[in-house]
Amino acid sequence: MAAVAEQKKKISAWRALGLALGNRKTGFMLLFGFASGLPFALFLGTLFAWLTEADVDLETMGIFSLIGLAYAFQFLWSPLIDKVDIPLLRKLGRRKQWIIPMQLLLGAILVTMSVLEPRTQLGMFSLLAGIGAFASATQDIAINAWRIDVADEVATIDILSTVYQMGYRLSSLVGGALGLIIAARIGWPETYMMMGGILLFVGAVGLFAPNAEGAAELTEGDEQVRALRKAGELVPSVRNRALAAVALLWALAIGAVMTFMIMSMTYAPEDRPNPTDFTLTWGPWIIVATIILPALIAGWLSSQQKQGRNLLSEDAPAVGGAAYALDHLYRALVLPLVEFVGRLGWSLVLILAVVLTYRICDAIWGTFAYPFYLGELQYTNDDVAFASKFFGVGAIIAGLALGGLMLTTIGRMATLLIGGILAALTNLLYADMAIGGANMQAFSDAIGFTYLIEQVPGIGDADLARLTITIAFENLAIGIAGAAYIAWLSSIVSKKFSAVQYALLSSLTLLVGTLGRGALGEMIENQGYYDVFILTTWIGLGAAVLVCIEWWRVSRAKDDAGIIAPEAGAAQPAE
């Protein structure tokens, strides 16, 4: 009987996967994932190749590194995405009113850049790139929120997260390696015009994307603001003091970022602040000001409600003017954190620990990958392009597909754990490469992979096979871990505040990688790559231990609530 039940469970999981992949929402998720990754590849990668060919000096190009700040600090304007409705565009839907205009704007910017000459029109060129980066980051906030809002029992958050990652990775190939190939044949202006046309097309097609059904798509802002003055809610004076503290902290953080950007764009090249130094110096304080301290304030507010202190004894009369504006601001800045902390309690500490460690190795490693391949291992540009851009991207997509299948068949937490362990252990493969790669070479020879790579015209040899199979295993693991991580991250935020809560958590993932690069770079200089790979293996395994604790917490919470765990891959509420 048990075997029959298990077989029925597997058939149900496969049927659910088939229905999800054929769902209209899944198709648009792939499209939106592609649109999300393409600007990132064009503004933070391929653009520097164009500027180099245009003989733009390195100091001037340094200003373009500011573009990355838009992605790292996108949570600073995420409350606008949850709170503000754009006049005339609200009828498109709560999230699409932001997604579609940003995609059309990005397409128009890329087309406009294609008719400019970077060297002689650098001012306009850099301005458009900066606007494009903020539009791209804004689009990402809204797309992530859309994914969480539209998830249902068929198009589950697990499947949508996996498909989003597939689209994102495909666009990195199109905007990166393929963009370089196209530019070498038809020129950079024509390439960027083509990419702009693609985004304009995506924006037009995105008009037909479905909106969330039910409460998630309703105009909830006014309802939530009015609810703040009902009996049992915090008294306005307490809320306003908390709002003043949080608003001041956010204003200081935004002021620091804006000051840095103005200095970078207006000062002489030799006087401009260094973006890496700014992130390392101010990044932790911005996190403290916008996340840690507001979370403590939100925790205090939540405890006041639970203890029945400072609450309205009866419904307060409706207000207008400044009081109504303060209620709206509280709803945008403070209420998402109050809901988050109130729902999760001290479990939020564990969740933040997983967020800060699970993808740290992947986030940090990207900066040192090319120095390791080209400098330490002495591979050529063609070798690295083949192994990492073409074969590697294929391996990531395969890993995402496998991760999506695992999410459907064995469940989210099991996939998160397995992906984390595999991603950690692949650091040992690089450790072997750092001391000669004898084991990876022997493995490649034994399975016949070396023979296959040797058939590649022009560059195929045993050394390339060793590098390719190492990158393939790493990217396969990253694909599985990435699919599970995005699904897990999406599952712990509330649909009511998905834009703010998801942006906060995903920005932490980006920032911790940036903050760790300096220390890791110093360790590479002092001890070499081998010791670094051993260290990152232990960090990854430590993250896996945290995932085990989180899995236990989730299971215990379901048991305490009397909830029967859903079948693997079944939709789970995001609130």
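This structure is a prediction, so every number in the text was calculated from the model and none was measured. (Residues numbered from 1 in each chain as written. Predicted model: local features only at pLDDT ≥ 70, side-chain atom pairs only at ≥ 80, totals over all residues. Heavy atoms only, no water.)

Attention now goes to the overall build of the protein. A count of helices and strands for the protein gives 24 helices and 0 strands. Taking all 575 residues of the protein together, 53% fall into the buried category. A separation threshold of at least 6 residues defines the contact pool for the protein, and within that pool the share at least 24 residues apart is 83%. (Helix = DSSP H or I, 4+ residues; strand = E, 2+ residues; numbered from the N terminus. Buried < 20%, exposed > 50% of the residue type's maximum accessible area, 1.4 Å probe, protein only. Contact = heavy atoms within 4.5 Å.)

Right, let's get into empty space enclosed by the protein. If you walk through the whole model with that rule in mind, you get 4 cavities of 30 Å³ or more. Here the largest cavity is characterised by a volume of approximately 200 Å³. C361, D362, A423, A424 and N427 are, among the 17 residues lining the largest cavity, the residues nearest its centre. Those elements that place two or more of their residues in the lining of the largest cavity are α17 (360–376), α19 (412–434), α22 (462–491) and α24 (529–560). No other element matches α19, which puts 6 residues into the lining of the largest cavity. Counted by class, the lining of the largest cavity contains 9 nonpolar, 5 polar and 3 charged residues. Contributions of two or more residues to the lining of the second largest cavity are made by α13 (275–307), α15 (335–344), α16 (347–358) and α23 (498–527). No other element matches α23, which puts 4 residues into the lining of the second largest cavity. (1 Å grid on protein atoms, 1.4 Å probe; cavity = no way out; pocket = protein on both sides within 12 Å on 5 of 7 lines; lining within 4 Å. Points joined across faces, edges and corners; volume = space filled by probe spheres on them. Nonpolar A, V, L, I, M, F, W, Y, C, P; charged D, E, K, R; others polar.)

Moving on, we get to α22. Helix length check: α22 (30 residues) gives 44 Å between terminal C-alpha atoms against 44 Å at 1.5 Å per residue, within 8%. Within α22, 26 of the 30 residues are buried, which leaves it mostly tucked inside the rest of the structure. Where α22 begins, one side-chain oxygen reaches toward the backbone nitrogen of D463, 3.3 Å away; that side chain belongs to D461. (Expected span 1.5 Å × (residues − 1). Polar contact = N/O pair within 3.5 Å; in protein donor to acceptor, adjacent residues only side chain to side chain.)

What follows concerns the packing of helix α20 (residues 438–446) against α22. At a closest axis distance of 9 Å, the pairing of α20 and α22 adopts a crossing angle of 95 degrees. Taken together, α20 and α22 sit at an angle that is classed as roughly perpendicular. Facing M440, Q441, F443 and S444 of α20, the residues of α22 in contact are A462, D463, A465, R466, I469, T470 and F473. Taken together, the residues of the contact of α20 with α22 sort by class into 6 nonpolar, 3 polar and 2 charged. (Axes fitted to C-alpha atoms, helices over the stretch in contact; angles between N-to-C directions. Parallel < 35°, antiparallel > 145°, perpendicular 65-115°, else oblique.)

Let's shift gears to a nonpolar patch on the surface. Taken together, the side chains of L105, M124, L127 and I131 define a hydrophobic patch exposed on the protein surface, amounting to about 340 Å² of accessible area. Looking at which element gives the most residues to the nonpolar patch, the answer is helix α7 (residues 122–150), with 3 residues. Within the fold, I131 resides in helix α7. For I131, a relative accessible area of 38% translates into the label partly exposed. (Patch = residues over 30% accessible without salt bridge, like charges linked within 9 Å, V, L, I, M, F, W, Y side chains within 5 Å. Areas by Shrake-Rupley, 256 points an atom, 1.4 Å probe, with all protein chains shown as cover. Salt bridge = Lys/Arg side-chain N within 4 Å of Asp/Glu carboxyl O.)

Moving on, we come to the nonpolar core. Within the largest apolar cluster, 128 residues are counted, with the highest numbers of intra-cluster contacts made by F43, L47, F73, Y330 and W488. If one sorts the elements of this core by residue count, α7 sits on top with 14 residues. Contacts of W488, omitting those with residues within four sequence positions, involve I351, V354, V355, R412, M413, L416 and E550. By size, the runner-up hydrophobic cluster in this structure holds 26 residues, among which are A369, I469, Y529 and F533. (Core = buried A, V, L, I, M, F, W, Y, C linked by side-chain atoms within 4.5 Å.)

With 30 residues, helix α2 (residues 24–53) ought to run about 44 Å at 1.5 Å a step, and its terminal C-alpha atoms sit 42 Å apart, in line with that. Remark: the principal bend of α2, roughly 45 degrees, maps to T46. One or two steps after α2, the chain reaches D55, where phi turns positive at roughly 65 degrees. (Bend = angle between axes of the 7 residues up to and from the residue.)

With that settled, the discussion passes to the packing of α2 against helix α8 (residues 157–175). At a closest axis distance of 6 Å, the pairing of α2 and α8 adopts a crossing angle of 35 degrees. At the point where α2 passes α8, the crossing takes the right-handed sense. (Left-handed = near helix turned anticlockwise from the far one by under 90°.)

The subject of this paragraph is the packing of aromatic side chains. The full count for this structure, using the stated rule, is 21 aromatic pairs. A centroid spacing of 6.3 Å and a plane angle of 10 degrees characterise the contact between W50 and W188, whose relative ring orientation is stacked. Of this pair, W50 sits in helix α2 while W188 is found in helix α10 (residues 188–206), placing the two residues 138 residues apart along the sequence. In terms of burial, W50 and W188 fall into one category: buried. Measuring from centroid to centroid gives 6.1 Å for Y164 and Y168, while their planes differ by 45 degrees, and the two rings are tilted. With Y164 and Y168 both in helix α8, this residue pair falls 4 residues apart, about one helical turn. (Phe/Tyr/Trp six-rings, centres within 6.5 Å; stacked < 30°, edge-to-face > 60°.)

For the coordinates displayed, the defined rule picks out 9 salt bridges. Here D158 ties to R412 by a salt bridge, and the two come within 2.8 Å at their closest N and O atoms. Highlighted residues: D158 in helix α8 and R412 in helix α19, separated in sequence by 254 residues. Between R553 and E550 there is a salt bridge whose closest N-O contact spans 2.8 Å. Of the two residues, R553 and E550 are both situated in helix α24; the distance of 3 residues between them amounts to about one turn of the helix. E550 sits in the buried class, given a relative accessible area of 1%. Because the salt bridges share partners, they merge into one network encompassing R229, R239 and D327.

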